Amino acid sequence: GEGRVARPAAHELCRLRCELRLWMWGRCVMRFTRRLFGSGTLPSYLVMAVLIVLIVGAVLTTLLPKVVESGATVVRREQDDQKMDIHNSFTIIMQSYNRTDLLLKLLNHYQAIPSLHKIIVVWNSVGIKPPKDLWDSLGPHPIPVIFKEQTVNRMRNRLEPFPELETKAVLMVDDDILISAYDLDFAYSVWQQFPDQIVGFVPRKHVTTSSGIYSYGSFELQNAAGRSGDHYSMVLIGAAFFHVAYLEKFKVQVPAVHTLIDKTQNCDDIAMNFIVAKYTGKSSGVFVKPVDMRNLEKDSNSGFNGMWHRAEHLLQRSWCLNQLAAIYGSMPLKYSNIMISQFGFPNYANHKTKS
């Protein structure tokens, strides 16, 4: 229509742009060659040769096929990245009973762990709906949380080889224990050096009495000066890393082991130490001294106290030691005095009163 200027066709625009680029390249070449050969007049054959090389290079570049990744290639790369992520990460298994307030606090805390892949909550409060909707409503969250509702409140529910487990490393942690991110990151790096053992923060030991009966005992940290010390033969799984394969091994233990745990609602951690020691032929665990690990039981509003408060708790654990030794036909637990610390071995790392 009148008053409008006809716009050049697309191919005409493309030709004009190419001519402009060639002219600009020619100017750049002239300046560059003058710097190399001086400010005098350049031979025409030299200028033409350089221009021809640039033009041929530009044309060949435009003729190169574009690299376009297919959907299958992109998916395969994402799968490879996920496998790499799974290989360098771990899964938390946390069993919870009647402590929703603490559970939410801990789930929020563990979202900040760099190498964490997933959290599986074993929900043992039978008949009570887990706080999944509440947790999801407070999202989004960087780490997925899966709630596994149980039909029976059993201690050994947490030792199931859940199908959602994808990582080789498992961190089992009680629902009233808060472990700092740097403690977990360090302990995970230690477990990567000892993947066939339990690597954790709470050591215990068995004691052989003169009558040949085993007793369950605590552990005293070693004196830095070497004047006194102690050893341990178990690392409790309430705050520990271990290989996911041990969940399968626990599942296929003789029924007497499972019956013992169900009868006492106790000692599944002792049984796991027996399994690891028997399988490896060495000490079941490696003790990592924590820098910041806290028991939050007093912060809970549920009024529920852990089973370790029961008067018979320690007696039951000594009884379990002897029962398990009878079931397996021997005592596989072996002693160790290895303690790995992030900051060396401080002089005050001692439960005993300093002299």
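Residues numbered from 1 in each chain as written. Predicted model: local features only at pLDDT ≥ 70, side-chain atom pairs only at ≥ 80, totals over all residues. Heavy atoms only, no water.

Secondary structure assignment for the protein chain yields ten helices and 13 strands. Residues counted as buried form 42% of the 355 residues belonging to the protein chain. Here the contacts in the protein chain between residues at least 6 apart in sequence split such that 82% fall between residues at least 24 apart. Taken as a whole, the protein chain presents about 20400 Å² of accessible surface, with 57% of it coming from carbon and sulfur. (Helix = DSSP H or I, 4+ residues; strand = E, 2+ residues; numbered from the N terminus. Buried < 20%, exposed > 50% of the residue type's maximum accessible area, 1.4 Å probe, protein only. Contact = heavy atoms within 4.5 Å. Areas by Shrake-Rupley, 256 points an atom, 1.4 Å probe, with all protein chains shown as cover.)

Taken together, the side chains of Tyr182, Val291 and Phe343 define a hydrophobic patch exposed on the protein surface, amounting to about 340 Å² of accessible area. Inspection of the secondary structure assignment puts Phe343 in the segment after strand S13 (339-340). (Patch = residues over 30% accessible without salt bridge, like charges linked within 9 Å, V, L, I, M, F, W, Y side chains within 5 Å. Salt bridge = Lys/Arg side-chain N within 4 Å of Asp/Glu carboxyl O.)

So, on to the state of the cysteines. Applying the stated criterion across every chain yields a total of one disulfide. Through a disulfide, Cys267 is tied to Cys320; the S-S separation comes to 2.1 Å. Measuring the twist about the S-S bond at about 85°, one finds the Cys267-Cys320 disulfide to be right-handed. Here Cys320 lies in helix H10 (residues 313-328) and Cys267 lies in the loop between helix H8 (255-264) and helix H9 (268-280), a separation of 53 residues in the sequence. (Disulfide = S-S within 2.5 Å.)

The pairing of strands in a sheet comes from backbone hydrogen bonds and takes either a parallel or an antiparallel form. Read from one edge of the open sheet, three strands run S8-S7-S9, paired in antiparallel fashion. Two strands lie at the open edges of the sheet, namely strand S8 (214-217) and strand S9 (234-235), each paired on one side alone. Bridging between strand S7 (residues 203-208) and S8 involves four bridges; their strand directions are antiparallel. Residue pairing for S8: Lys205 is matched across the bridge by Gly217. Lying on the sheet, H10 is in contact with S7, S8 and S9; it crosses S8 at an angle near 135°. (Pairing = 2+ DSSP bridges. Axes fitted to C-alpha atoms, helices over the stretch in contact; angles between N-to-C directions.)

We now examine the pattern of salt bridges. In the structure shown here, the tally under the stated rule is 13 salt bridges. The residue Lys132 makes a salt bridge to Asp136 at a minimum N-O spacing of 2.7 Å. Residue Lys132 and its partner Asp136 are located together in helix H5 (residues 132-137), separated by four residues, close to a single helical turn. Note that Asp292 is salt-bridged to Arg294, the shortest N-O span being 2.9 Å. Judged by relative accessible area, Asp292 falls into the buried class, the value being 19%. A relative accessible area of 45% places Arg294 in the partly exposed class. Among the charged side chains, a salt-bridge network with shared partners connects Arg99, Asp175 and Asp176.

Locating Tyr188 in the fold gives a position in helix H6 (residues 181-191). On the accessibility criterion, Tyr188 (4% relative accessible area) is buried. Between the alpha carbons of Tyr188 and Leu171 there is a distance of 8.6 Å; along the sequence they are 17 residues apart. Excluding its chain neighbours within four sequence positions, the residues that come into contact with Tyr188 are His87, Asn88, Ser89, Phe90, Ser115, Ala169 and Phe241.

The next thing to look at is the environment of Val254. Among the secondary structure elements, Val254 is positioned in the loop between helix H7 (245-251) and H8. For the pair Val254 and Tyr328, spaced 74 residues apart in sequence, the C-alpha separation works out to 9.3 Å.

With mixed pairing, the eight strands of this open sheet are ordered in space as S3-S2-S1-S4-S10-S6-S11-S13. Pairing within the sheet leaves two strands with one partner each, and these edge strands are strand S3 (145-149) and S13.

With that settled, the discussion passes to H10. Helical periodicity: at 3.6 residues per turn, an α-helix aligns residues three or four positions apart in one direction. Counted at 1.5 Å a residue, the expected span for H10 with its 16 residues is 22 Å, and the 22 Å between its end C-alpha atoms agrees. For H10, every residue scored as buried is listed here: His313, Gln316, Arg317, Ser318, Cys320, Leu321, Leu324, Ala325 and Tyr328. Residues of H10 that are buried sit in contact with S7, S8, S9, H8 and H9. Once H10 finishes, Gly329 follows within two positions and takes phi at roughly 80°, a positive value. (Expected span 1.5 Å × (residues − 1).)

All right, on to the side chain of Ser318 then. Within the secondary structure layout, Ser318 lies in helix H10. Judged by its relative accessible area of 15%, Ser318 falls in the buried class. Apart from the residues lying within four places of it in its own chain, the contact partners of Ser318 are Tyr214, Ser215 and Tyr216.

A word on the environment of Lys334. Position of Lys334 among the secondary structure elements: in the loop between H10 and S13. Spatially, the C-alpha atoms of Lys334 and Ser283 are 4.7 Å apart, while their sequence positions differ by 51 residues.

In summary, the side chains of a regular strand alternate between the two faces of the sheet. With five bridges connecting them, strand S2 (residues 116-123) and S3 associate as parallel partners. Each residue of the ladder has a partner; that of Val122, found in S3, is Lys148. Assessed by its sense of winding, the connection that carries the chain from S2 through H5 to S3 is right-handed. (Right-handed = clockwise from strand over helix to strand, strands pointing away.)

Tracing the sequence through the fold places Gln95 in strand S1 (residues 90-96). Within the structure, the side chain of Gln95 is placed 3.2 Å from the backbone oxygen of Met155, a separation counted as a polar contact. Polar contacts involving the side chain of Gln95 include one to the main-chain amide nitrogen of Arg158, which spans 2.9 Å. With residues near it in sequence (within four places) discarded, Gln95 still touches Val122, Asn124, Arg154, Met155, Asn157, Arg158, Val173 and Asp175. (Polar contact = N/O pair within 3.5 Å; in protein donor to acceptor, adjacent residues only side chain to side chain.)

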